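# Structure at a glance
The chain contents come next:
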Amino acid sequence: MSETVDSAEVKSPSYELSKFRLKRILTNNSVRKSISLLGTFPDLGTDDAIVVFEKNAYRESDVATASSEESPKKPSYFTSDLKVDTEFINNIYGSFQVVPTRDLCSVKSTVIYPATEKHIEKYSVSQKYLIRETPDLYQRITLPYLTSSQFSLEWVYNILEHKQEKERIVYEDKDPKTGFILLPDLKWDGRNVETLYLLAIVHKRDIKSLRDLNESHLDLLRNLRQSSKDAIFKLYGINPNQLRMYFHYQPSFYHLHVHINPVRNDAPGIWCEKSHMLDTVINNLELMPDYYQKATLPFVLYEGNKLLDLYEHELPIRALTVASGDKEHPDTDSLGAGPQEGFSDDEPEERQCKRIKLATPEPKESESAVQACA
């Protein structure tokens, strides 16, 4: 940084996780083996808190076996400490409940305290709507909203100024114009390289999101791309051509940052209406210096988001009026008693199951798709 900053440590809120008291479950994701809880720490006050538990991904060492009678050097499932409860054995098939050594039973936990309504919305299940944001809509609706109601960026500045999480920084380029800090995202347990998830947070503080990027930022983006690849290969041995590097739009916080994870990792938020590949962003700016000031950018809003209400005043989003010729509503006689079924090999019960799934609120970024009906 060009300016001298106070590097004094910032005191974080202190709480005991065991004193958390549950108000309700926000999400329970059986696919990602995670659960998000809303509650409080009564000994600290009435502010809401969010606690997320997620089972850690398996590491190769967890299933290592010794070549002799000696136990593996690292904790493993296949040791004498493994407790096995047999459910049934039938011919070649067996089903068991197993409890490994305590070292393999840890669960990753993330705490957000105090949690705002935006945090609660992010971790809750609700309906999704696709917004097609033109440059005009961005200036008139999105920008004023995010300016007045975005998450606090104090935690970001604490990282950039080394007041917090300095021990988690895995790489830093200190150049005030093209530099950035690379550190683990909260979604990564910091242990399993297969699920590696890093954030690259730029030092410049005047870039909120994709919308602010222009030709003058190309040196920053190119440096971030190459330096991150080099650092990750050196630290974790991952081939640069196996890395996914992308922006979110809308982002969860409005200070420019890049998400980085292996392409083999189905990380949250990689779906096409959310992520924008860093390579593509650089190419767009090379072709058109002000591309992101002219482009229409689709993004997703969730039911309950105040920004969705603001867009609802401008656009028909939740309920659409279907026009047919000069008629405001379609002719019900011409439509028959109901929608016609397209060709499908599915049985009627399976088709009904899919209709139920389509009518069910989809999970948020922190979740996967709804499981198939039984």
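Residue numbers run consecutively from 1 along every chain, following the written order of its sequence. At least 70 in pLDDT is required for a residue's local features to be given in this predicted model, at least 80 for side-chain atom pairs to be given and counted, and no such filter applies to totals for whole chains, interfaces and linings, which use all residues. By convention in this description, side-chain values take in all heavy atoms of the structure and omit both hydrogens and water.

## Some points on the sheet that holds strand E1 (residues 21-29)
Whether parallel or antiparallel, the strands of a sheet pair through hydrogen bonds between backbone atoms. In space, the four strands of this open sheet follow the order E1-E2-E3-E6, with antiparallel pairing throughout. Looking at strand neighbours, the two that pair on one side only are E1 and strand E6 (107-112), the edges of this open sheet. Neighbour-to-neighbour, the strand axes of this sheet turn through a mean angle of 20 degrees, independent of strand direction. Following DSSP output, two strands are said to pair if at least two bridges run between them. A helix here means a DSSP run of H or I that spans at least four residues, while a strand means a run of E at least two residues long, and both kinds are numbered starting from the N terminus. Two strands pair when backbone bridges link them, and strand E2 (residues 34-40) and strand E3 (residues 48-55) are joined in this way by seven bridges, in the antiparallel orientation. Opposite Thr40, over in E3, you have Asp48 as the bridge partner. For helices, the fitted axis covers only the stretch in contact; all axes are lines through C-alpha atoms, and the angles between them, taken along N-to-C directions, range from 0 to 180 degrees.

## Details of the UniProt feature "active site" (unreviewed entry) in the chain
UniProt positions are given in the numbering used here, feature names are shortened, and annotations may be inferred rather than shown by experiment. The feature "active site" (unreviewed entry), as given by UniProt, occupies His257 in the numbering adopted here. The topology assignment puts His257 in strand E12 (residues 257-262). Burial status follows relative accessibility: with a 1.4 Å probe on protein chains alone, a residue under 20% of its type maximum counts as buried, one over 50% as exposed, and anything between as partly exposed. His257 gets classed as buried once you look at its relative accessible area, which sits at 6%. Polar contact criterion, stated in full: a pair of N or O atoms within 3.5 Å, where within protein one must be able to donate a hydrogen and the other to accept it, and residues adjacent in sequence count only if both atoms are side-chain atoms. In this structure the side chain of His257 is engaged in a polar contact, spanning 2.8 Å, whose partner is the backbone oxygen of His255.

## Structural notes on the environment of Ile260
Along the chain, Ile260 turns up in strand E12. Under the relative-accessibility criterion, Ile260 is labelled buried at 0%. In the structure, Ile260 is positioned 75 residues away from Asp185 in sequence and 9.1 Å away in space, judged by C-alpha atoms. Whether two residues are in contact is decided by their heavy atoms: any pair within 4.5 Å suffices. Not counting residues within four places of it along the chain, the set of residues in contact with Ile260 comprises Leu182, Leu196, Tyr197, Leu198, Ala200, Ser228, Ile232, Leu243, Arg244 and Met245.

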